[in-house]
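Here is how the chains run, residue by residue.
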Amino acid sequence: NNLSWLSFFLIVISMPFIIFKENNYFNLISFILINLSLIFDCADGDLAVKKKLQSSFGAHLDCTLDRLADNIFILAIVSANYLDESNVYFLFCGLIFIGFRFCIDNIYFSMIVFLPNFDQKNLSKGIFFKFIEFFLFTRTNMLFWGSCFIILNFHKEFLLLMCFYTLLYYFTILIYTYLKSYKK
């Protein structure tokens, strides 16, 4: 559980470096902190299994801290863009990004509860879903690619791209799951 907390706090510590992006060293520091966070996040579960310390509490804590860290990261990107240009449009994009990520999690939860025979593996077989999931809903990829955009000082481009992908993925999976549930 300590690695989960460390991973979370590294994202929190990266926030000011993401927000106050005028200094290129800040972009480098945020890139390093985000990727260290990812390394610790990937290691925590493996370490728990190897040391036979895995628990439901640890899994729940890791999942909860991951979602919170993701949203903190997104809020930092939104804040950086808003402070840079004072444009409410970026706040709206951030709301879409965070809100629709939550909606997508809800769709997956609904599939598990209301469609117990729904084969989620079939969903991931299509090239379209693989492409979108790779960039968006594997948090490791979202944070890694986000850190790459940050080091290049492309905060705005990352936010706009992720806003578009979130909307596209949400409506695609929503339609797909409704069509699958209607047939049954």
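Q: Even after reading the chapter, I still don't get the overall build of the protein, so can you show me in this structure?
A: A count of helices and strands for the protein gives 8 helices and 0 strands. Listing every helix and strand of the protein by position from the N terminus yields α-α-α-α-α-α-α-α. Of all 184 residues assigned to the protein, the portion counted as buried reaches 39%. Surface accessibility of the protein: about 10600 Å² in total, with carbon and sulfur atoms responsible for 70%.

Q: Help me understand the packing of aromatic side chains in this model?
A: Each pair of aromatic rings is reported with the distance of its centres and the angle of its planes. Enumeration over the complete set of coordinates arrives at 12 aromatic pairs. Geometrically, the ring pair formed by F144 and W145 is edge-to-face, given 5.3 Å between the ring centres and 70° between the ring planes. For W145, a relative accessible area of 31% translates into the label partly exposed. Between F164 and Y165, the ring centres sit 5.9 Å apart and the planes meet at 55°, which makes this aromatic pair tilted. Classification of Y165 by relative accessible area gives buried; the value is 11%. Within the aromatic cluster, the residues linked to one another by ring pairs are W5, F8 and F9.

Q: What is the right way to look at the confidence of the model for the protein in this model?
A: Note that predicted coordinates carrying low pLDDT should not be read in detail. When the pLDDT values of the protein are averaged, the result is 84; 86% of them are 70 or greater. Mean pLDDT values for the elements of the protein range from 60 in helix α5 (residues 120-123) up to 93 in helix α1 (residues 2-19).

Q: Honestly, the nonpolar core in this entry has me stumped. Any pointers?
A: Side chains that are nonpolar tend, in soluble globular proteins, to be buried together. In this structure, I34, F73 and M142 are the most contacted members of the largest nonpolar core, which totals 26 residues. The set of elements that each furnish at least two residues to this core consists of α1, α2 (24-50), α3 (56-85), α4 (88-114), α7 (139-151) and α8 (155-183). Here this core gets 9 residues from one element, more than from any other, and that element is α3. Counting 9 residues, the second largest nonpolar core, distinct from the first, contains I104, L115, Y169 and L174.

Cut-offs applied
Residues numbered from 1 in each chain as written. Predicted model: local features only at pLDDT ≥ 70, side-chain atom pairs only at ≥ 80, totals over all residues. Heavy atoms only, no water. Helix = DSSP H or I, 4+ residues; strand = E, 2+ residues; numbered from the N terminus. Buried < 20%, exposed > 50% of the residue type's maximum accessible area, 1.4 Å probe, protein only. Areas by Shrake-Rupley, 256 points an atom, 1.4 Å probe, with all protein chains shown as cover. Phe/Tyr/Trp six-rings, centres within 6.5 Å; stacked < 30°, edge-to-face > 60°. pLDDT = per-residue confidence, 0-100. Core = buried A, V, L, I, M, F, W, Y, C linked by side-chain atoms within 4.5 Å.

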